[in-house]
Amino acid sequence: MTIDGIPFNYPSIEQLRKNGPPIEHPDSPSAGAEKGSSFQEALSEALNEINRLSGKADGEIQNLVSGRTQSPHDAMIAMEKADVAFQLMNAVRTKIVRAYEEIMRTQV
């Protein structure tokens, strides 16, 4: 019984250098790194949005208490939007902390 070798059909390093860098798939993680925003920027924008929603909820409550508006619905909707945004931010924060702790537990 003979065992045939696995055919080697991959291009050589010289062929790769001659053809240029490989084309990145659009769904790869590094494909949008240059043109997209960084994780820090995205997180900062999300925190700013949460702060804006919280401020809007505070303003709606102030309007309701001071009598400038008679609709408690707007205040409740603004408060719920701020609450949901805060809960989402807290869940993301928890995931980030857990990921960091997992990385720190990784033995090298």
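Placed above this text is the structure.
Residues numbered from 1 in each chain as written. Predicted model: local features only at pLDDT ≥ 70, side-chain atom pairs only at ≥ 80, totals over all residues. Heavy atoms only, no water.

1. Quick look at the overall build of the chain
For step 1, the next point in the chain: Secondary structure assignment for the chain yields 3 helices and 0 strands.
For step 2, the next point in the chain: From first element to last, N terminus to C terminus, the chain shows the α and β order α-α-α. (Helix = DSSP H or I, 4+ residues; strand = E, 2+ residues; numbered from the N terminus.)

2. Regarding the pattern of salt bridges
For step 1, the next point in the chain: Counting across every chain of the model gives 2 salt bridges.
For step 2, the next point in the chain: Measuring nitrogen to oxygen at the nearest pair gives 2.6 Å for the salt bridge that ties Arg-52 to Glu-49. In this pair, Arg-52 and Glu-49 both sit in helix α2 (residues 39–66), 3 residues apart, roughly one turn of the helix.
For step 3, the next point in the chain: On the accessibility criterion, Arg-52 (45% relative accessible area) is partly exposed.
For step 4, the next point in the chain: A relative accessible area of 36% means that Glu-49 is categorised as partly exposed. (Salt bridge = Lys/Arg side-chain N within 4 Å of Asp/Glu carboxyl O. Buried < 20%, exposed > 50% of the residue type's maximum accessible area, 1.4 Å probe, protein only.)

3. A closer look at a nonpolar patch on the surface
For step 1, the next point in the chain: A cluster of nonpolar residues, Phe-39, Leu-43, Leu-47, Leu-88, Val-92 and Ile-96, forms a patch on the protein surface that exposes about 530 Å² of accessible area.
For step 2, the next point in the chain: Broken down by secondary-structure element, the contributors of at least two residues to the nonpolar patch are α2 and α3 (72–105).
For step 3, the next point in the chain: Tracing the backbone shows Leu-88 in helix α3.
For step 4, the next point in the chain: Among the residues examined, Leu-88 registers a relative accessible area of 57% and is labelled exposed. (Patch = residues over 30% accessible without salt bridge, like charges linked within 9 Å, V, L, I, M, F, W, Y side chains within 5 Å. Areas by Shrake-Rupley, 256 points an atom, 1.4 Å probe, with all protein chains shown as cover.)

4. Some thoughts on the side chain of Glu-60
For step 1, the next point in the chain: Checked against the element boundaries, Glu-60 lands in helix α2.
For step 2, the next point in the chain: Lys-56 provides the closest opposite charge to the buried, unpaired Glu-60, separated from it by 5.6 Å.
For step 3, the next point in the chain: In this structure Glu-60 touches Asp-74, Ala-75 and Ala-78, once residues within four positions along its chain are discounted. (Lys, Arg positive; Asp, Glu negative; His and termini not counted. Contact = heavy atoms within 4.5 Å.)

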